[in-house]
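Listed here are the chains, written in short residue letters.
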Amino acid sequence: MPIFLKLFQFLISGLTTGSTYALIAIGFSIIHNATGIVNFAQGEFVMLGGMFMITFFTVLKIPMASAFCLTVISVAIVGLILEKGPLEQARSKEILNLVMITVAASIVIKGLTMILWGKNSMTIPAISGESPLLIWKAAIMPQSLWIFGVTLGAVAMLNVFFRCTRTGKAIRAVSANRRYAVLAGIPVNRMLAFSFCLSAALGAVAGILLTPMTTISYDAGVMLGLKGFSAAILGGYGSMTGAVIGGILLGVMESLGAGFISSEYKDVLAFMILLMVLFIKPSGLLGAGMLKRV
Amino acid sequence: MKNHVATAVFLACLWIFSGMAPAAAEPIKIGAFFDLTGPSSAIGTPTKLVAEMVVKKINDEGGINGRPLQLVVADDEGDPTKAALIAKKFTESDKVAAIIGPTRTDTGMAAKPIVEQMKVPDFMTVGGDVVIAGGKFGPFHWTFKSPQRTTIAVKKIYEYLKRKGLQKIAIITAADGFGKDGKAALENLAPEYGVSIISAESFQPTDSDMTTQLINIKSAAPDAVVCWTIGKAGAIVAKNVRQLDIQASLFQCHGLPDPNYIALAGKASEGNIMPSTKLMVASQLPDSDPQKKVILEFIHLYQDVFHYDRQFPINTHSGYAWDAIYMVANAMKKAGIQNEKLRDAIENTKGYVGVSGIYTLTPEDHNGLGTDSMVLVQIRDGQWKLLQ
């Protein structure tokens, strides 16, 4: 195999994994934009997306399109419960406390999933079949194209939503200063609930798209969440475009590292680049530079 | 007055019962720890269920010379630290006569120094050989394992490759204890069978995409690809092999024959070859096979009596706990539960016909299985077929 073809194939493989990281990273960014907290249950939303899809599509035999919608709604409801329940009821609204609540929620979700769905890995068929397409002699799965497409579509729509619509601007206002947002007449609680639904729904979409390629099990959320979180940090926490760039960069670095250096150290290489970026530009590649020293 | 009578009667009863208790056969405790949660829970949980099944069977048939067995179950979560703590608890506070488990090679290595020090026989159900390898891996006087040695599975694959004249192979192995064990065996045995490894790649068992490594393998153009891992990673490798249109046949290790593998890999599993216990192809075995009767009895109990297959369909691992407990129980019947005597009796097991093979243990070989205990199976039309 000629070297440039090999490189091209590595890039495709990196772009595929990278866009799944990006899709998860966007979910982190949405919640950050509304509440300023890091939602460590984001990976569980992704895992639940796969699990609900398996139940609706494989077990209950609902057609794929309706099963997709039902899954997104179900996971959005889980997100709503998380926000309306423990997060809104918490006495202290300290960021650190809220973050710890999301950590606890992720453990609870993982445990319940283990009880309800069992311990086996599961999968669902790919949306457009499993035979690879050949582009310029390099193989690419149709599912990868779905993931690229959905990631780009989601980030474009979210950018418009947060910049141009009243609701989107209101959510950003809540994040900037909750007290002033209340004074300006913004229904803060409704905005927070909405942002959790949105981010859970997006996580569900990521889970549905990922499952045919990677399979899903109750404990898959932690690793997915970690990679998505790293991608979000790399791109600049809170920035939608940054999340996409960070995700794709992380995926491509992993793939090139595994391909050309050593498959044993691919994660090491990817995370070293993450550390280097953070040393040079602590706010991430596209970060707004709002970090304050205390 | 009435109260005094009641107290006296109560005390009398207490005295009678406490005097009677030892006569009513005190149970023999066996510690059993597996991955009930964590990355190998899909293997560990059914192992525990089978252990409970065997213990019930042995007790129904009269126990150990009249004394019932009692399992003390624990979950090591696949974590070596927890495994070491549980081994300590079993030997120090539970005072078990013998131990079954754990599930993973890494947890087995963590528990081994403790059982060796406390002098309690431990029949492990781990895949890797290092637990009974000796040398730099420490003594294995008290440690046994029921699953086939990695080298047996490797020999089985290499015999086939040699027969088919496939010489150049690529290997892709997991970067955990089990995968490294497989890699070492693949590399050590290759010259003996005239096989040359032209490409060696690895991956983390939690990885979700191995295309990059397989691109390197594809460009090396091997005759066959051998993958060494357990769990879902094996299915992802199969999918990626198909995705990259690699024509060389894919061999998986002896840890993957499992209906769930076909469910996860789907069409990509078609044609895959792997060494397996005879359990996967029981109905295709010739009647002359001495194990057939035991295997069919095991399947009957597992599926028709206990209905474990509703949650965990039978896979190649299912029989290992059965064999481990039976060998320990047989030794107890012969030699009692004094630790030195029990250990010697286990080590003297000769020709035990089990679900996973016919075991003949020696002081050097604490596994006791040969290449005749395994068969090669191939997936054809989503079914397991015995490969002649």
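As a further point, take the overall build of chain A. Assigned secondary structure in chain A consists of 11 helices and two strands. The N-to-C order of helical and strand elements in chain A reads α-α-α-α-β-β-α-α-α-α-α-α-α. Taken against the 2.2 N^0.38 rule, which gives 19 Å for 294 residues, the C-alpha radius of gyration of chain A at 19 Å falls within 12% of a compact globule. Principal-axis analysis of the C-alpha atoms gives chain A an extent of 65 × 50 × 35 Å. The long-range fraction of contacts in chain A, counting pairs at least 24 apart against all pairs at least 6 apart in sequence, stands at 74%. By element, 72% of the accessible surface of chain A is carried by carbon and sulfur atoms, the whole surface being about 13300 Å². Computed over 20 positive and 9 negative side-chain charges, the inter-centroid distance for chain A is 11 Å.

Residues and elements named next belong to chain B. By the criterion of burial, strand E6 (residues 168-174) is predominantly enclosed, with six of the seven residues buried. As judged from the seven bridges shared by E6 and strand E7 (residues 196-203), these two strands associate in the parallel manner. From the neighbouring strand, Ile169 faces E7, where its bridge partner is Ile197. In the classification by handedness, the crossover that spans E6, the intervening helix H6 (residues 177-189) and the parallel E7 is right-handed. Taken together, the five bridges between E6 and strand E8 (residues 224-228) define a ladder with parallel strand orientation. By the bridge assignment, Ile169 is partnered in E8 with Ala224.

At the interface, 30 residues of chain A touch 34 residues of chain B. In total, chain A and chain B occlude about 2800 Å² of area from one another, counting both sides; carbon and sulfur atoms represent 51% of this. Linking chain A with chain B are zero salt bridges. Between chain A and chain B we count 12 residue pairs in polar contact (both at pLDDT 80 or more) in total. Elements supplying a minimum of two residues to the side of chain A that touches chain B: helix H1 (3-35), helix H8 (188-214), helix H10 (240-261) and helix H11 (266-280) of chain A. Ranked by residue count, the leading element in the side of chain A that touches chain B is H1(A), at five residues. Classifying every residue of the side of chain A that touches chain B gives 12 nonpolar, 11 polar and seven charged.

It is worth spelling out unusual backbone geometry at this point. Residues and elements named next belong to chain B. Cis rather than trans, the peptide bond between Gly101 and Pro102 has omega equal to 0 degrees. Looking at the element boundaries, Pro102 is found in the loop between strand E3 (98-100) and helix H4 (105-118). Positive phi outside glycine occurs at Glu77, with the angle close to 60 degrees. Although it is not a glycine, His307 adopts a positive phi angle of roughly 55 degrees. Assignment of secondary structure puts His307 in the loop between helix H10 (292-305) and helix H11 (320-335).

Residues and elements named next belong to chain B. On inspection of all chains with the given rule, the structure shows 16 salt bridges over all chains. Among the salt bridges present, the one from Lys57 reaches Glu297, with a minimum N-O distance of 3.3 Å. In this pair, Lys57 is assigned in helix H2 (residues 41-60) and Glu297 in helix H10, connecting sequence segments 240 residues apart. With a relative accessible area of 13%, Lys57 lands in the buried category. One salt bridge connects Asp287 with Lys292, and the closest N-O pair in it is separated by 3.0 Å. A residue is classified by how much of its surface remains accessible, and Asp287, at 68% relative accessible area, is exposed. A cluster of three or more residues bridged by salt bridges with shared partners is formed by Lys57, Glu61 and Glu297.

Take the packing of aromatic side chains next. Scanning the model with the defined rule gives 19 aromatic pairs over all chains in all. With 5.0 Å between their ring centres and 85 degrees between their planes, Phe10(A) and Phe260(A) make a pair best called edge-to-face. Residue Phe10(A) is located in helix H1, and its partner Phe260(A) is located in helix H10; the two are separated by 250 residues in the primary sequence. Taking 5.9 Å as the distance between ring centres and 45 degrees as the angle between the ring planes, the aromatic pair formed by Phe161(A) and Phe194(A) counts as tilted. Of this pair, Phe161(A) sits in helix H5 (residues 142-164) while Phe194(A) sits in helix H8, and the two are 33 residues apart along the sequence. Here the aromatic cluster, defined as three or more aromatic residues joined through ring pairs, consists of Phe298(B), Tyr302(B), Phe306(B), Tyr308(B), Trp322(B), Tyr326(B), Tyr352(B) and Tyr359(B). Just above the ring of Trp142(B) sits the side chain of Arg343(B); from NZ or CZ to the centre is 5.9 Å.

Moving on, we come to the domain arrangement of chain B. Residue and element names in this part refer to chain B. Domain annotation for chain B reports domain 1 (28-148 + 301-370) and domain 2 (151-253). Summed over both sides, the interface between domain 1 and domain 2 buries roughly 700 Å², with carbon and sulfur atoms accounting for 58% of that surface. Joining domain 1 to domain 2, the criterion identifies one salt bridge. The residue Arg104 makes a salt bridge to Asp176 at a minimum N-O spacing of 3.4 Å. Taken together, the connections running from domain 1 to domain 2 amount to three residue pairs in polar contact (both at pLDDT 80 or more).

Right, let's talk about the confidence of the model for chain A for a bit. As a general rule, the predicted coordinates of low-pLDDT regions are not to be interpreted in detail. This prediction gives chain A a mean pLDDT of 88; 97% of its residues lie at or above 70. At the low end of the mean pLDDT range in chain A sits strand E1 (residues 133-135) of chain A, at 79; at the high end sits helix H2 (residues 42-59) of chain A, at 94.

So, how was this worked out
- Residues numbered from 1 in each chain as written.
- Chains lettered and ligands numbered in written order.
- Predicted model: local features only at pLDDT ≥ 70, side-chain atom pairs only at ≥ 80, totals over all residues.
- Heavy atoms only, no water.
- Helix = DSSP H or I, 4+ residues; strand = E, 2+ residues; numbered from the N terminus.
- Rg over C-alpha atoms; globule rule 2.2 N^0.38 Å.
- Contact = heavy atoms within 4.5 Å.
- Areas by Shrake-Rupley, 256 points an atom, 1.4 Å probe, with all protein chains shown as cover.
- Lys, Arg positive; Asp, Glu negative; His and termini not counted.
- Charge placed at Lys NZ, Arg CZ, Asp CG, Glu CD.
- Buried < 20%, exposed > 50% of the residue type's maximum accessible area, 1.4 Å probe, protein only.
- Pairing = 2+ DSSP bridges.
- Right-handed = clockwise from strand over helix to strand, strands pointing away.
- Buried area = accessible area lost by both parts, 1.4 Å probe.
- Salt bridge = Lys/Arg side-chain N within 4 Å of Asp/Glu carboxyl O.
- Polar contact = N/O pair within 3.5 Å; in protein donor to acceptor, adjacent residues only side chain to side chain.
- Nonpolar A, V, L, I, M, F, W, Y, C, P; charged D, E, K, R; others polar.
- Phe/Tyr/Trp six-rings, centres within 6.5 Å; stacked < 30°, edge-to-face > 60°.
- Lys NZ or Arg CZ within 6 Å of the ring centre and 35° of its normal.
- Domains from an automatic or database assignment.
- pLDDT = per-residue confidence, 0-100.

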